[in-house]
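Analysis of the macromolecular model
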Amino acid sequence: ETGVTQTPRHLVMGMTNKKSLKCEQHLGHNAMYWYKQSAKKPLELMFVYSLEERVENNSVPSRFSPECPNSSHLFLHLHTLQPEDSALYLCASSHYSGQGTSTDTQYFGPGTRLTVL
Amino acid sequence: AQTVTQSQPEMSVQEAETVTLSCTYDTSESNYYLFWYKQPPSRQMILVIRQEAYKQQNATENRFSVNFQKAAKSFSLKISDSQLGDTAMYFCAFMNYGQNFVFGPGTRLSVLP
């Protein structure tokens, strides 16, 4: 496989369920990102992992928990979600040269369409 | 904080014609990158074109070109010879050297046969 892949592509869950979204990149990148895309809203950056360290968390609720076991894999663990969390969750990856230096373009996966009932 | 504005929520263009999508941004930084991403109905975000702020020459990629006006903080996308496959949401995005990505709200483009 090439590029950035995400599984599952569609997920329906109840508010009390626990599930995980998976992202895998095959581009040799060292930075990965989770975005949330809701209807009629700009893309929201949720988490950034760069060189396997989390470097940014935009005040995302604790019911979203990221995990980055290595530079190729990124997970988003979900628990006790709310209906307003229903959205498209996009993963992206890029090459990061280091703090204060230029970085490469982000490449996106196809997304996971999440519906919370 | 950086912001990205796309003032055209929806646009349409006839096949084979040219269309320009607008984007303005606000930043106090002098070095940064600008991007246009396309999101077709399949929902996967695809990079269309990228511009480094330190380069004065406008980026081009086949039928896609940009008009980058750094002083005006404007970054418009021109699509020439529009094709039906160009129908998509188009997002303008800003990225500084600290990896902070900011996306605009998007412009929905419909190419009409």
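Thresholds applied
- Residues numbered from 1 in each chain as written.
- Chains lettered and ligands numbered in written order.
- Predicted model: local features only at pLDDT ≥ 70, side-chain atom pairs only at ≥ 80, totals over all residues.
- Heavy atoms only, no water.
- Helix = DSSP H or I, 4+ residues; strand = E, 2+ residues; numbered from the N terminus.
- Buried < 20%, exposed > 50% of the residue type's maximum accessible area, 1.4 Å probe, protein only.
- Contact = heavy atoms within 4.5 Å.
- Areas by Shrake-Rupley, 256 points an atom, 1.4 Å probe, with all protein chains shown as cover.
- pLDDT = per-residue confidence, 0-100.
- Buried area = accessible area lost by both parts, 1.4 Å probe.
- Salt bridge = Lys/Arg side-chain N within 4 Å of Asp/Glu carboxyl O.
- Polar contact = N/O pair within 3.5 Å; in protein donor to acceptor, adjacent residues only side chain to side chain.
- Nonpolar A, V, L, I, M, F, W, Y, C, P; charged D, E, K, R; others polar.
- Phe/Tyr/Trp six-rings, centres within 6.5 Å; stacked < 30°, edge-to-face > 60°.

**Here's the deal with the overall build of chain A**
A count of helices and strands for chain A gives zero helices and eleven strands. Listed N to C, the secondary structure of chain A is β-β-β-β-β-β-β-β-β-β-β in terms of helices and strands. With 117 residues in all, chain A has 50% of them scored as buried. Counting contacts in chain A only where the partners sit at least 6 residues apart, residues at least 24 apart contribute 54% of the total. Surface summary for chain A: the accessible area is close to 5500 Å², and the carbon and sulfur share equals 49%.

**Quick word on the confidence of the model for chain A**
Averaged over chain A, the pLDDT score is 86; the fraction of residues at 70 or greater is 87%. Mean pLDDT across the elements of chain A ranges from a minimum in strand β6 (residues 53-57) of chain A, with 70, to a maximum in strand β3 (residues 18-25) of chain A, with 96.

**Description of the environment of B:Thr5**
All names here are of chain B. By secondary structure assignment, the location of threonine 5 is in strand β1 (residues 3-5). Residues threonine 5 and phenylalanine 75, 70 residues apart in the sequence, show an inter-C-alpha distance of 10 Å. Apart from the residues within four sequence positions on either side, threonine 5 is in contact with Ser22, Cys23 and Thr24.

**Considerations on the interface of chain B and chain A**
Facing 19 residues of chain B, the contacting portion of chain A comprises 27 residues. Between chain B and chain A, roughly 1800 Å² of surface is buried when both sides are summed, and carbon and sulfur atoms account for 50% of that area. For the pair chain B and chain A, the interface holds zero salt bridges. Here chain B and chain A share two residue pairs in polar contact (both at pLDDT 80 or more) between them. Take the side of chain B that touches chain A: its biggest share by element is four residues, from strand β5 (residues 32-39) of chain B. Residue classes in the side of chain B that touches chain A are distributed as eleven nonpolar, six polar and two charged.

**A closer look at the side chain of B:Gln39**
Inspection of the secondary structure puts B:Gln39 in strand β5. Looking at B:Gln39, its side chain comes within polar contact range of the side chain of A:Gln37, at 2.9 Å. Here B:Gln39 is in contact with A:Gln37, A:Leu88, A:Leu90, B:Gln44, B:Met45, B:Ala88, B:Met89 and B:Phe91, once residues within four sequence places are set aside.

**Looking at the packing of aromatic side chains**
Each aromatic ring pair is characterised by the separation of its centres together with the angle its planes make. Residues and elements named next belong to chain B. Following the criterion strictly, the structure yields 14 aromatic pairs over all chains and no others. Here tyrosine 25 and phenylalanine 94 contribute two aromatic rings whose centre-to-centre distance is 6.1 Å and whose plane-to-plane angle is 35 degrees, an arrangement assigned as tilted. You can see tyrosine 25 sitting in strand β4 (residues 24-26) and its partner phenylalanine 94 sitting in strand β10 (residues 88-96), a full 69 residues away along the chain. Judged by its relative accessible area of 5%, tyrosine 25 is buried. Judged by relative accessible area, phenylalanine 94 falls into the buried class, the value being 0%. With 5.1 Å between their ring centres and 35 degrees between their planes, tyrosine 32 and phenylalanine 94 make a pair best called tilted.

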